[in-house]
Amino acid sequence: MRNLLNTLSSKCEQVVNFLRRKKILSNLDITYQVVWNIFLVFLVFGVISMFFVGGAGAGFFASLVKDEQLRSYEAMKKDIYNYEEVSEIYFANDVYLGELPTDLERREIPLEDISSHLINAIIATEDEYFYEHEGIVPKAIMRATFQEFTNASLQTGGSTLTQQLVKNQILTSEVSFDRKAREIVLAMRLEHFFEKDEILEAYLNIVPFGRNANGRNIAGVQAAAQGIFGVDAKDLSIPQAAFIAGLPQSPFGYTPFYRSEGKVVVKENLDPGINRMKTVLRRMHEGGHITEQEYQEALNYDIRANLTAATPSIRDEYPYIADEVVERAVNILTNQYVLEEGIELEQLDAEERLEIINKHAAKARVDLRQNGYRIHTTIDKEIHDAMNEAIKDERFFGPTKDGEPEEVGSMLIENRTGAILGFVGGRDFEREQLNHATNARRPNGSTMKPLLAYGPAMDIGALQPGHIIPDVPTFYKSDSSRQVNNFNRSHRGLITVREALKTSQNTTAVRGLWMAPHEKSRETLLKMGFRLNPGEPYEAAALGAIDHNVTVENNTNAYATFANGGKYIPSHMIDRIETKDGEVIFEHQIEEVEVFSPQTSYLMIDMMRDVLRGGTASSLPGRLKFRADWAGKTGTTQDFYDVWFVATNPNVTMSVWIGYDTPKEIKREPIAGLSYSQRTQQIWANIANAAYDVRPEVMSPGHNFQMPDGIVSRAICGVSGLLPSDLCKEAGLVKTDLFNAKFAPTKVDDSLQKVNYVLIDDQPYVALDNTPNEFTFSGVMIKEEYIETYRLSGSLQNQLSNVIPDRKAKHNGKQPSAVNNVSLSGSTLSWGKQNENDIVGYRIYQAPNGSDQFKLIASVKGSATTSHNINSGSYAYYVTAVDVAGKESPASNIAKGDNWSAEPLKEEKEEKEPKKDKKEDEDKKPKPPSDDNEDPRKPTTPKPPSESGGSENNG
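A brief report on the enclosed structure follows. Because the structure is predicted, anything quoted here is derived from the model rather than measured. (Residues numbered from 1 in each chain as written. Predicted model: local features only at pLDDT ≥ 70, side-chain atom pairs only at ≥ 80, totals over all residues. Heavy atoms only, no water.)

Topic: the overall build of the protein
Then, in step 1: Looking only at helices and strands, the protein features 30 helices and 34 strands.
Then, in step 2: The burial tally for the protein puts 50% of its 955 residues in the buried class.
Then, in step 3: Taking the contacts inside the protein whose residues are at least 6 apart along the sequence as the reference set, 70% of them involve residues at least 24 apart.
Then, in step 4: Entry remark: accessible area of the protein is about 46100 Å², with carbon and sulfur atoms responsible for 48%. (Helix = DSSP H or I, 4+ residues; strand = E, 2+ residues; numbered from the N terminus. Buried < 20%, exposed > 50% of the residue type's maximum accessible area, 1.4 Å probe, protein only. Contact = heavy atoms within 4.5 Å. Areas by Shrake-Rupley, 256 points an atom, 1.4 Å probe, with all protein chains shown as cover.)

Some remarks on the packing of helix α4 (residues 116-126) against helix α8 (residues 196-206)
Two packed helices can be described by the angle between their axes and the distance between those axes.
Then, in step 1: Running from N to C, α4 and α8 point in directions that differ by 90 degrees, and their axes come no closer than 12 Å. Overall, the two elements α4 and α8 adopt an arrangement that is roughly perpendicular. Between α4 and α8, the residues in contact are I119, I122, I123 and E126 and L200, Y203 and L204, respectively.
Then, in step 2: For the contact of α4 with α8, the class distribution of residues is six nonpolar, no polar and one charged. (Axes fitted to C-alpha atoms, helices over the stretch in contact; angles between N-to-C directions. Parallel < 35°, antiparallel > 145°, perpendicular 65-115°, else oblique. Nonpolar A, V, L, I, M, F, W, Y, C, P; charged D, E, K, R; others polar.)

Describing the state of the cysteines
Then, in step 1: Here the structure, examined in full by the defined rule, presents one disulfide.
Then, in step 2: A sulfur-sulfur distance of 2.2 Å marks the disulfide that ties C717 to C728. A torsion of 105 degrees about the S-S bond marks the disulfide between C717 and C728 as right-handed. Placement of C717 in strand β22 (residues 711-717) and of C728 in helix α26 (residues 726-730) is noted, with a sequence separation of eleven residues between them.
Then, in step 3: Exposure remark for C717: the relative accessible area of 0% places this residue in the buried category. (Disulfide = S-S within 2.5 Å.)

Concerning unusual backbone geometry
Then, in step 1: The omega torsion across E536 and P537 is 5 degrees, close enough to zero to call that bond cis.
Then, in step 2: Within the secondary structure layout, P537 lies in the loop between α21 (518-527) and α22 (552-563).
Then, in step 3: At R489, a position not held by glycine, the phi torsion is positive, near 60 degrees.
Then, in step 4: In this fold, R489 is placed in the loop between β13 (483-484) and β14 (493-496).
Then, in step 5: Here R489 falls in the exposed class, since its relative accessible area comes to 62%.

What to know about the pattern of salt bridges
Then, in step 1: Under the counting rule described, the total for this entry stands at 47 salt bridges.
Then, in step 2: The partner of K664 in a salt bridge is E404, and the shortest N-O contact between them spans 2.9 Å. Within this pair, whereas K664 is found in the loop between β21 (652-659) and α24 (676-694), its partner E404 is found in the loop between α17 (381-390) and β9 (407-414), the two being separated by 260 residues in sequence. In this pair, the class of K664 matches that of E404, namely buried.
Then, in step 3: Among the charged side chains, a network of salt bridges with common partners joins R498, D606, R609, D610, R613, D629 and D737. (Salt bridge = Lys/Arg side-chain N within 4 Å of Asp/Glu carboxyl O.)

A look at the pairing of strand β6 (residues 257-260)
Then, in step 1: Bridging between β6 and strand β7 (residues 263-266) involves four bridges; their strand directions are antiparallel. Each residue of the ladder has a partner; that of R259, found in β7, is V264. (Pairing = 2+ DSSP bridges.)

Regarding the environment of T776
Then, in step 1: Position of T776 among the secondary structure elements: in the loop between β25 (763-766) and β26 (777-782).
Then, in step 2: T776 sits in the buried class, given a relative accessible area of 10%.
Then, in step 3: For the pair T776 and V755, spaced 21 residues apart in sequence, the C-alpha separation works out to 9.6 Å.
Then, in step 4: A distance of 3.0 Å separates a polar atom in the side chain of T776 from the backbone oxygen of N773. (Polar contact = N/O pair within 3.5 Å; in protein donor to acceptor, adjacent residues only side chain to side chain.)

Digging into the sheet that holds strand β8 (residues 374-377)
Then, in step 1: Spatially, β2-β1-β8-β16-β17 is the arrangement adopted by the five strands of the open sheet, whose pairing is mixed. The strands lining the two open edges of the sheet, one partner per strand, are β2 (96-99) and β17 (584-587). On average, each strand axis in the sheet is inclined to that of its neighbour by 15 degrees, with strand direction left out of account.

A look at the pairing of β21
Then, in step 1: For β21, the tally of buried residues reaches eight of eight residues, placing the bulk of the element in the interior.
Then, in step 2: Here strand β20 (residues 642-648) hands over to β21 after three residues, the two strands then running antiparallel side by side.

Let's talk about the sheet that holds strand β4 (residues 208-211)
Then, in step 1: Strand order in the open sheet formed by three strands is β3-β5-β4, and the pairing between neighbours is mixed. Since the sheet does not close on itself, it has two edges, and those belong to β3 (104-106) and β4, each with one partner. Ignoring strand direction, the axes of neighbouring strands in this sheet form an average angle of 25 degrees.
Then, in step 2: As defined by bridge partners, β4 adjoins strand β5 (residues 217-219) across two bridges and the pair is classed as antiparallel. Bridge assignment links R211 to a residue of β5, and that residue is N217.

So this is what it looks like as structure tokens:
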């Protein structure tokens with residue numbers, strides 16, 4: 001400073017001396033001295049002030065940016081290009097579905113795909129010196145600073161595009177000298193590292209533009225062009241480009257759209273935005289970017305008429321998919337973040353585990369909103385659309401109850417991959433957002449039987465399809481006061497496992513669960529993804545009752561295990577997640593969990609085929625328009641709250657559930673002529689048929705389930721499931737069934753024995769020792785020790801064809817009364833049924849014309865038989881009843897044939913019968929049987945009634 005002043009003083013003295021020599025200032029010397037000294041004072045003061053202010057300003061600026069670290073190129077690149085971009089969802093096979101629902105919609109686009117009109121409009125409006133400056137324009141900064149200090153009403157702003165990019169991507173929108181100073185430094189550094197076009201492209205992808213026609217916030221020129229005018233950024237016209245370029249100054253003030261009562265509408269007054277557009281057009285014209293003609297034409301452009309209409313979003317068209325994909329993607333990313341940090345959740349307590357998961361889940365949600373991921377799902381669009389269209393036939397749904405409609409959930413899974421091809425989340429998302437296919441947990445009723453009641457026991461050989469299992473009164477072991485009830489409250493006795501599953505018996509299911517170790521049952525369900533509390537499964541789980549219940553997805557996925565040869569392959573909906581650059585950050589890997597042996601799986605498949613072949617789903621094949629090797633199971637839960645049908649074929653597994661959100665009884669009376677079970681199967685068939693229409697190769701693979709090695713066919717005795725004995729063959733009880741070769745029977749059945757039996761009221765009873773042989777049958781009976789093993793009652797055994805129950809006939813201790821209503825019609829002799837409860841049959845006696853000597857001609861077995869074919873002609877007949885002890889009733893009334901008479905013709909009498917004394921005749925008359933001296937098993941001839949006694953029928 002001192003050197004500068006000395007130099008100035010020296011120069012001034014040289015000028016004065018020159019003037020003196022010329023005698024120009026001789027007279028002004030005194031005046032000069034005064035003025036000069038005053039000038040020097042002001043000059044020195046001005047220079048000192050300038051340096052003071054400059055130094056103070058520089059010091060102040062340095063203090064504002066002292067905490068701003070010098071950023072590297074990599075760090076700045078990461079910040080600048082780290083802008084939010086909407087993620088996209090795709091159906092299977094890269095079919096575009098839509099954008100993931102987010103608060104901000106943004107689509108990245110390269111600079112070469114942006115209209116030159118829009119680029120010119122942005123530069124002309126926001127930064128006319130963009131290509132000349134080094135990140136800042138000092139004049140603009142000084143103007144803005146002066147306006148800020150003076151609190152001017154007009155604030156013109158002083159930020160370049162580079163500064164705006166820094167503010168949006170690195171700093172905040174805070175109004176302060178500190179933030180502004182850092183912005184200036186960073187803008188200059190940004191210009192040092194990046195080309196102008198790189199800066200411009202980044203800016204055009206981050207700047208906010210208000211709201212689109214769907215009412216969503218938008219940022220970036222591509223989202224603005226599509227959301228406001230329905231075109232890509234490269235196709236914007238001059239007026240459209242000008243309108244969009246004007247929006248950043250006041251995005252929500254100039255936007256043409258706003259929300260009103262939940263709907264998006266166009267503002268009545270678009271003047272603010274249009275006036276701003278005109279300002280942009282004027283600057284474009286002044287800057288030489290458009291001609292006069294283009295300028296005038298653009299001024300007359302009708303903005304309102306060219307605004308785009310709202311387009312359905314993924315949330316509008318596929319709300320269940322949108323929500324489901326978000327949740328699954330969050331879970332996937334959360335698990336990845338936890339793994340990347342090396343955290344072992346199993347070693348944390350519940351509270352710590354929840355805290356870790358919630359923290360990473362929050363990060364995952366942010367990343368999904370901001371990172372522009374491409375999420376590829378397994379959903380086949382055409383199948384999914386067809387499935388959801390199929391449920392719109394409301395004829396097969398029950399009535400609305402308490403304001404709730406009967407709901408439905410369905411899922412279709414590809415067996416070999418676990419890929420979810422389509423699902424039905426519900427009938428109306430607007431009414432109920434719960435996804436009934438993935439998130440609704442309900443008891444699965446009898447569809448649990450293959451998975452738990454029989455599967456584990458079959459896997460260890462405790463049961464096989466041909467094994468006998470008793471369907472008899474059964475009580476829970478854990479509570480002997482609670483009885484296991486079948487659906488129809490009746491029992492079928494000794495039946496095979498195959499028959500038990502086919503007819504869905506509950507008692508046999510619980511007994512089947514008993515036959516597998518608890519740990520085996522528990523492990524089986526856990527391996528298939530079921531949630532169990534400690535101690536589960538309990539006995540009622542065999543009928544579908546577990547604490548956490550199951551989802552439609554879980555149940556469907558479990559059934560696919562049988563189709564996969566016993567390997568459980570977890571279902572999935574997200575195939576892979578990619579970044580916007582195509583980098584795969586997640587790809588689903590198929591995992592297999594061994595649950596059942598291939599032999600058990602095939603045997604279960606074969607048994608479930610029978611469910612559709614005469615079982616509880618016998619009507620279903622006729623409801624399908626195509627053929628496939630289906631095997632499935634029906635299910636109904638307690639109080640008729642839930643109805644299920646799940647079936648699998650070699651390619652896919654599909655399920656249907658119906659019920660109410662608040663559990664309540666479904667309508668059991670027929671709807672559309674169908675029972676509740678039949679209409680559930682009809683809904684299943686409608687969905688399957690719809691899927692077949694669009695993907696026949698998926699629904700009907702053209703081949704059947706292949707039998708694995710280790711399966712054999714064996715003839716067995718239907719009483720025990722063992723190899724048939726001669727008695728079993730004699731009784732006609734031999735059946736054939738499939739077995740796991742490891743568990744095929746090797747022992748011959750010995751449960752049967754020979755017995756004589758009688759029929760009383762058409763029911764078989766074991767005969768007594770003194771029962772006349774003429775009224776007994778030879779049959780087969782289950783041995784007493786075998787009966788005790790299964791605690792069978794006689795009435796249940798009787799349901800086994802050709803097997804005599806273990807019950808002996810009882811004698812009532814008296815002689816039977818006479819048979820009544822004997823009549824003769826042609827060659828048919830009939831009589832009234834004897835009402836005694838120990839009658840085992842009837843004897844028929846005949847006398848020829850002209851004789852009263854009746855002889856036994858026939859014995860009729862069984863008390864219920866009341867007719868017999870006899871010889872037509874001149875004969876007379878009477879009938880007696882015989883009880884189990886061999887006692888015979890008195891003779892019935894006589895039924896006479898045509899022209900029968902007890903007296904012979906006179907001539908014949910004289911020729912053939914010599915006179916006899918009365919005593920001899922009396923001796924020759926038949927005598928009644930004696931209880932004491934006669935063998936009751938030998939027939940005797942009761943004395944017939946006199947001709948005048950009783951009623952007669954001449955036929």
